[in-house]
Amino acid sequence: MIKSHQGFNIPLAWLLLIAAALLLMLPDFAYAHGMSEEEKQSIIEGGNLRYMWLGATHMLTGYDHLAFVFGIIFFLTSLRDIAKYVTAFTLGHSITLIYATFNAIQLNYFLIDAVIALSVCYIAFANLDGFRKYLNINPPNMLAMILGLGLIHGFGLSTRLQDLPLSQDELLLNIISFNVGIELGQFSALAIMLLVIATFRHSHFFQTFSTITNYALIITGSLLFLMQMHGYEHSANAQEFAAVTSPASPMESGQTSADLPGPAWKESISIIIPARGEKEYKLLLQQGATLHFAWQTDGEALFYDFHGDKLGDSTGFFQSFAKKTDTQSSGSLLASFTGNHGWYWKNYSAAPVSITLRVKGDYQRNDTDSMIAPAPAAKTRTTHDSL
């Protein structure tokens, strides 16, 4: 049993039930802030307004950040105090969000989110006056702690932002747009939180409500910490877990890697995609020709668009066969038109990525002097820069 300041007895089982319910209501957020392939594609096709929109939605679904903000404002009554403490948090996470993203500093997001979960426990513990009650010490300066914990939250936001397609030419503008969206989302959530707290503040139930809520935040933060550490264990020992728990998954052609069984590959081609860069590689196929292919990176996932454009076409037409973010792909293509067919790769990481491409079939390479030159034609325009 936990006793509130007014003597109400609060069963621990109820607190556990509240915390579990909070997590169960948000099953898709179990590991915080994931970016779907659809969101990544919308960024590629959109502009900075999309960064702003994703920043806002990212904050509104970032339950750990929101729980921390909720804890900050819980006992604040004046607008001046609310502005002061929320500004400290905003300043903290904005500094590391901008600095870490601009300098491509990436930390393991499971570890960062684990520390963020502990920050939720910390703010709730401070709200319960736990430092004096249980540790017999004065609490640290709250404003300084909120600023410092805000710096950690910013690393979490930056790690997730760097999962998105960032333009090297407009990198700072991308970051600022995302951060503006974060603040808009935080402001919207803050307005709702203040309304909820104001509803209870003047009631006789407020002290009990605050005690239950802050203990629930501690339990929720602890459970989130354990979940994130479990995720970190899997990410740090991915090969071990994969070897024990799951067989190799089939790829597009039903195989597992670029080393496909069967007839020998005609060629093996090495391609380097620069850090935060892009590259396109295409082969000339006649209509009705078949191309068998398999490529894989040296570990980092790349966004790719497998597509083709008609030879001699000057309208910019091209046909996409597959768009995805992955470390490998394999399959075969029956060309429905004569033209250049191949891949556009985009590297969002801060380091170069090496690709090994293996091919066989009836094709001509466009990057060798020995290829048979096609008949002269109008310059082909596509949406990507060719290799």
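Everything in this summary refers to the structure shown in the same document. Fair warning: this is a prediction, and the values are worked out from it, not measured in the lab.

1. Regarding the sheet that holds strand E11 (residues 364-365)
- Taken in spatial order, the five strands of this open sheet run E7-E6-E9-E4-E11, and their pairing is antiparallel. In this open sheet, the two edge strands, each paired with only one partner strand, are strand E7 (319-326) and E11.

2. Details of the sheet that holds strand E5 (residues 290-297)
- Judged by pairing direction, the sheet is antiparallel, and its four strands sit side by side in the order E3-E10-E5-E8 without closing on themselves. Each end of this open sheet is capped by a strand with a single partner; those strands are strand E3 (267-273) and strand E8 (328-334). The sheet shows a mean angle of 20 degrees between the axes of neighbouring strands, taken without regard to direction.
- Note: E3 against strand E10 (residues 353-361), seven bridges, orientation antiparallel. For Ser 270, the partnering residue across the bridge sits in E10 and is Thr 356.

3. Quick word on the packing of aromatic side chains
- For the structure shown, the criterion picks out 20 aromatic pairs.
- On the numbers, 5.9 Å between centres and 25 degrees between planes, the contact of Phe 74 with Phe 206 is stacked. Linking Phe 74 in the loop between helix H4 (63-73) and helix H5 (79-102) with Phe 206 in helix H10 (residues 206-236), this pair joins segments that are 132 residues apart in sequence. The burial state of Phe 74 is the same as that of Phe 206; both residues are buried.
- Relative to Phe 209, the ring of Phe 74 lies with its centre 5.8 Å away and its plane at 25 degrees, an arrangement referred to as stacked.

4. Overview of the environment of Thr 325
- Topologically, Thr 325 is positioned in strand E7.
- Owing to a relative accessible area of 17%, Thr 325 belongs among the buried residues under this scheme.
- Spatially, the C-alpha atom of Thr 325 lies 9.1 Å from that of Lys 346, the residues being 21 residues apart in sequence.

5. Details of the pattern of salt bridges
- Per the counting criterion, the structure on display carries eight salt bridges.
- Here Asp 81 ties to Lys 84 by a salt bridge, and the two come within 4.0 Å at their closest N and O atoms. Residue Asp 81 and its partner Lys 84 are both found in helix H5; the two are separated by three residues, about one turn of the helix.
- The class of Asp 81 is partly exposed, set by a relative accessible area of 27%.
- For the salt bridge of Arg 365 with Asp 367, the shortest nitrogen-to-oxygen distance reads 2.9 Å.
- You can call Arg 365 buried: its relative accessible area is 16%.
- Bridged by salt links that share partners, the residues Glu 267, Arg 365 and Asp 367 form one connected network.

6. Quick notes on a nonpolar patch on the surface
- Residues Phe 102, Leu 172, Ile 176, Val 180 and Leu 184 make up a contiguous nonpolar surface patch of about 410 Å² in total accessible area.
- For the nonpolar patch, the leading source of residues is helix H9 (residues 171-201), giving four residues.
- Note that Leu 172 resides in helix H9.

7. Side note on the pairing of strand E4 (residues 278-285)
- Most of E4 sits inside the fold, with six of its eight residues counted as buried.
- The pairing of E4 with strand E9 (residues 339-346) spans eight bridges and is antiparallel. Within the sheet, the bridge partner assigned to Leu 283 lies in E9 and is His 341.
- Pairing geometry for E4 and E11, over two bridges, is antiparallel.

Calculation rules
- Residues numbered from 1 in each chain as written.
- Predicted model: local features only at pLDDT ≥ 70, side-chain atom pairs only at ≥ 80, totals over all residues.
- Heavy atoms only, no water.
- Pairing = 2+ DSSP bridges.
- Helix = DSSP H or I, 4+ residues; strand = E, 2+ residues; numbered from the N terminus.
- Axes fitted to C-alpha atoms, helices over the stretch in contact; angles between N-to-C directions.
- Phe/Tyr/Trp six-rings, centres within 6.5 Å; stacked < 30°, edge-to-face > 60°.
- Buried < 20%, exposed > 50% of the residue type's maximum accessible area, 1.4 Å probe, protein only.
- Salt bridge = Lys/Arg side-chain N within 4 Å of Asp/Glu carboxyl O.
- Patch = residues over 30% accessible without salt bridge, like charges linked within 9 Å, V, L, I, M, F, W, Y side chains within 5 Å.
- Areas by Shrake-Rupley, 256 points an atom, 1.4 Å probe, with all protein chains shown as cover.

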